[in-house]
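Remarks on the overall topology
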Amino acid sequence: QVQLVESGGGLVEAGGSLRLSCAASGRTSSTDTVGWFRQAPGKEREFVAAISGGGTNTYYADSVKGRFTISRDNAKNTVYLQTNSLKPEDTAVYYCAAARWYRGANYGASDYDYWGQGTQVTVSS
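What comes next is a walk through the structure. (Residues numbered from 1 in each chain as written. Predicted model: local features only at pLDDT ≥ 70, side-chain atom pairs only at ≥ 80, totals over all residues. Heavy atoms only, no water.)

Some points on the pairing of strand β8 (residues 78-83)
In the case of a regular strand, side chains alternate between the two sheet surfaces. Here β8 lies mainly inside the structure; five of its six residues are buried. In terms of strand pairing, strand β3 (residues 18-26) meets β8 through six bridges, oriented antiparallel. Within the sheet, the bridge partner assigned to L20 lies in β8 and is L81. Between strand β7 (residues 68-73) and β8, which pair antiparallel in sequence order, lie four residues; one of them, N77, sits at a positive phi of approximately 50°. (Buried < 20%, exposed > 50% of the residue type's maximum accessible area, 1.4 Å probe, protein only. Helix = DSSP H or I, 4+ residues; strand = E, 2+ residues; numbered from the N terminus. Pairing = 2+ DSSP bridges.)

Following this line, the structure appears as structure tokens:
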């Protein structure tokens, strides 16, 4: 099993930044791609970004491209999501998820095997 714990969420004004972290423990060697998803009240969970096991390949939703950056430090078993130029519509609970196999672009929540509990990001206008 793999356990994921997100941190770094909070309340920020529009235009601000947050760095979200996803710390993994357990059988982390059994996972490859790590993704970030978010879910706003009354909406479905949506893909935000993903990074391959070696960190070579990254993927972003169009809505965050150019503003968010995903990265990973495998020595620390941690994946980061740097969020810049935040907008009120970025307000959501942000979840990290890990997949046992490589997941490229166009993979959804059902393609990931392990999930964290989420961290709230609130952007005020």
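Some details on the pattern of salt bridges
Side chains that carry opposite charge are capable of pairing whenever their charged atoms lie near each other. Per the stated rule, a full pass over the model turns up five salt bridges. Two residues, D90 and R38, come together in a salt bridge whose shortest N-O distance is 2.9 Å. Of this pair, D90 sits in the loop between β8 and β9 (92-98) while R38 sits in strand β4 (residues 34-39), and the two are 52 residues apart along the sequence. D90 serves as the salt-bridge partner of R67, at 2.8 Å between the closest nitrogen and oxygen. Residue R67 is found in the loop between β6 (58-60) and β7, and its partner D90 is found in the loop between β8 and β9; the two are separated by 23 residues along the sequence. You'll find R67 and D90 in the same group, each marked buried. Overlapping salt bridges, with partners in common, bring together R38, E46, R67 and D90 in one network. (Salt bridge = Lys/Arg side-chain N within 4 Å of Asp/Glu carboxyl O.)

With respect to the state of the cysteines
All chains considered together, the criterion is met by one disulfide. Disulfide pairing places C22 opposite C96 at an S-S distance of 2.0 Å. Negative torsions about the S-S bond denote left-handed disulfides, and the value of about 60° found for C22 with C96 makes this one right-handed. Linking C22 in strand β3 with C96 in strand β9, this pair joins segments that are 74 residues apart in sequence. Side by side, C22 and C96 carry an identical accessibility label, which is buried. (Disulfide = S-S within 2.5 Å.)

Side note on the environment of R45
Turning to its location among the elements, R45 is positioned in the loop between β4 and β5 (46-51). By relative accessible area, R45 is classed as partly exposed at 32%. As for R45 and A109, which are separated by 64 residues in sequence, their C-alpha atoms are 7.5 Å apart. Beyond its immediate stretch of four places on either side in the chain, R45 contacts F37, R38, Q39, Y95 and W115. At 3.3 Å, the side chain of R45 forms a polar contact with the side chain of Q39. (Contact = heavy atoms within 4.5 Å. Polar contact = N/O pair within 3.5 Å; in protein donor to acceptor, adjacent residues only side chain to side chain.)

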